[in-house]
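Chain by chain, the residues run as shown.
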Amino acid sequence: MTKLAYDPQLARYEELTTNALYGRRSNELLAVAKLCPDILIEIFMTVQASFLERYEEALISYNHDHRAIARFGWLTVTHVCHYWRTIALETPKLWATLYPVPAAWIQEFLQRSRGAPLTLRFVTPDSFHEVARLEHETSLDLALQALPRAEQLVLRIPEASLDRVHRFATGQDLGNLRRIVLQNLTQCYDSEREEHSHQLLKFDCHPPSLTHLAIANFPIRWNERFFVPTLTHLTLQTHDTASSRPSFLVEPLLKMLSTLPRLTNITLGHMFKHSSDAWAAASGASVIQLPELREIDIWDLCGPMTYLISHLQVPSSCRIALHQAPNQPALRLA
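Residues numbered from 1 in each chain as written. Predicted model: local features only at pLDDT ≥ 70, side-chain atom pairs only at ≥ 80, totals over all residues. Heavy atoms only, no water.

### Considerations on the environment of Thr-119
The condition is simple: Helix numbering and strand numbering both begin at the N terminus, where a helix is a DSSP run of H or I of at least 4 residues and a strand a DSSP run of E of at least 2. We call two residues in contact whenever any of their non-hydrogen atoms come within 4.5 Å of each other.
On the secondary structure map, Thr-119 appears in strand 2 (residues 118-123). Among all residues touching Thr-119, those that are not within four sequence positions of it are Ala-96, Thr-97, Leu-98 and Gln-152.

The structure is reproduced here in structure tokens:
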């Protein structure tokens, strides 16, 4: 009698191995297993971005069922077939997005990304329960240890959580950063803190050569070091309720814009608290030239919008869209 008759476990193993090899060979004959790697990588990246957006929306809306599915849903691309899994594991940029996952996953993503430029993408609602907040803060701390590798920093967090970023950014060379998105998810926003606010991000070394900057609901100082001449896309938004908006003046805003000659896209939302803010202290404001501007969208009071636009000199092909507040839709920052 053969050995297999006396060793059913070995027989079962060989049966499973044969079936797996047969299944792999069958998959290799399918059209999806013949797609070139470049196309597959684009598919993988699109699937990942879609699931991460759904995950972040679930975090904000406290949809626990949706959150569990979206958190790791994009990883299903590695389960389709052996070919897809091989391509996915050999694509460092697919693993270069760090977001709120357990610490072991952060370490695995860092290893699989193999030195590729990182995207740090963290959403932590202000009213998170303690266990979830602790997990998010732990994963954020691990991700921030790799901050010098970061090319994009997307943080939708309570204002107090910026202290964690400052702690890890101190003394670091952040020259690789090209895109920063900061959204304050603090539920009770104190506009009076504006005049006493500290810098949002402190750069001990030279500020990075940013091209994209978006800030929502954080106190803004016009001398922030991330308003750099390399910026091409700028989005600034404050809370849409008049009582919580800071009192910005047009002259400092124009002065800041004059230092950003490469801007191609500007989006501003609820920057002025009163119509009189438009011309307050702006008698000496001069016309600012933005020769590369292609689009400008503003949601605000009529007076400030008109005054601001009248002090900008832009190409005739520039698309200008003015929307009277409070008709601003939810701003997409990420």
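### Some details on the sheet that holds strand 2
Stated precisely, the cut-off is as follows: Strands pair, by our definition, only if DSSP identifies at least two bridges between them. Between the N-to-C directions of two axes lies an angle of 0 to 180 degrees, each axis being a line fitted to C-alpha atoms and, for a helix, fitted only over the stretch in contact.
Taken in spatial order, the nine strands line up as 1-2-3-4-5-6-7-9-11 in an open sheet, and their pairing is parallel. Every interior strand has two partners, whereas the edge strands, strand 1 (97-98) and strand 11 (319-324), have only one. Strand direction decides the pairing type here: strand 7 (residues 265-269) and strand 9 (residues 295-300), joined by five bridges, are parallel. The partner of Leu-268 across the bridge, within strand 9, is Ile-298. Sitting on the sheet, helix 10 (residues 302-310) touches strand 7, strand 9 and strand 11, and the angle it makes with strand 9 is about 155 degrees.

### Observations concerning the confidence of the model for the chain
Rules: Residue-level confidence of the predictor is summarised by pLDDT, bounded by 0 at the bottom and 100 at the top.
Scored by pLDDT, the chain comes out at a mean of 80, with 72% of its residues at no less than 70. Note on residues 191-197: pLDDT is under 50 here. Beyond four places in sequence and across chains, it has 14 contacts.

### Some points on the packing of aromatic side chains
Heads up, the rule is: A pair of Phe, Tyr and Trp rings is counted when the ring centres sit within 6.5 Å of each other, with Trp represented by its six-membered ring. The angle between the planes then sorts it: under 30 degrees is stacked, over 60 is edge-to-face, the rest tilted. Throughout, exposure labels follow a simple rule: accessible area from a 1.4 Å probe, protein chains only, divided by the maximum for the residue type, with under 20% read as buried, over 50% as exposed, and the rest as partly exposed. Criterion for a charge above a ring: Lys NZ or Arg CZ within 6 Å of the ring centre, and within 35 degrees of the ring normal.
Taken as a whole, this structure holds nine aromatic pairs when the rule is applied. Between Phe-72 and Trp-105, the ring centres sit 4.7 Å apart and the planes meet at 35 degrees, which makes this aromatic pair tilted. With Phe-72 in helix 4 (residues 64-72) and Trp-105 in helix 6 (residues 103-113), this residue pair connects regions lying 33 residues apart in the sequence. By relative accessible area, which is 26% here, Phe-72 ends up partly exposed. Residue classification places Trp-105 among the partly exposed positions, given a relative accessible area of 33%. Arranged with centres 6.1 Å apart and planes meeting at 45 degrees, the rings of Tyr-99 and Phe-109 form a pair that is tilted. With Tyr-99 in the loop between strand 1 and helix 6 and Phe-109 in helix 6, this pair connects stretches of sequence that are 10 residues apart. As far as burial versus exposure is concerned, Tyr-99 and Phe-109 are alike and both buried. Here the guanidinium or amino end of Arg-112 rests over the ring plane of Trp-95, the centre of that ring lying 4.6 Å away.

### So, the pairing of strand 2
Of all six residues that make up strand 2, six are buried, and the element is covered over most of its length. Here strand 2 shows a buried face lined by Leu-118, Leu-120 and Phe-122 and a second buried face lined by Thr-119, Arg-121 and Val-123. For strand 1 and strand 2, the ladder comprises two bridges, and the chain directions are parallel. Pairing of Thr-97 across the sheet is with Thr-119, part of strand 2. Both strand 2 and strand 3 (residues 150-157) contribute to a ladder of six bridges, which runs parallel.

### Description of the pattern of salt bridges
Spelled out, the test is: Any Lys or Arg side-chain nitrogen located within 4 Å of an Asp or Glu carboxyl oxygen qualifies as a salt bridge.
This model, assessed by the stated rule, comprises eight salt bridges. Its salt-bridge partner being Arg-164, residue Asp-141 comes within 2.6 Å of it at the nearest N-O pair. Placement of the pair is Asp-141 in helix 7 (residues 130-144) and Arg-164 in helix 8 (residues 162-169), with a sequence separation of 23 residues. Residue Asp-141 shares its accessibility class with Arg-164, and that shared class is buried. With a closest N to O distance of 3.4 Å, Glu-295 and Arg-319 form a salt bridge. Highlighted residues: Glu-295 in strand 9 and Arg-319 in strand 11, separated in sequence by 24 residues. Glu-295 sits in the partly exposed class, given a relative accessible area of 32%. What makes Arg-319 partly exposed here is its relative accessible area of 37%. Each of Glu-56, Arg-121 and Arg-156 takes part in one network of salt bridges that share partners.

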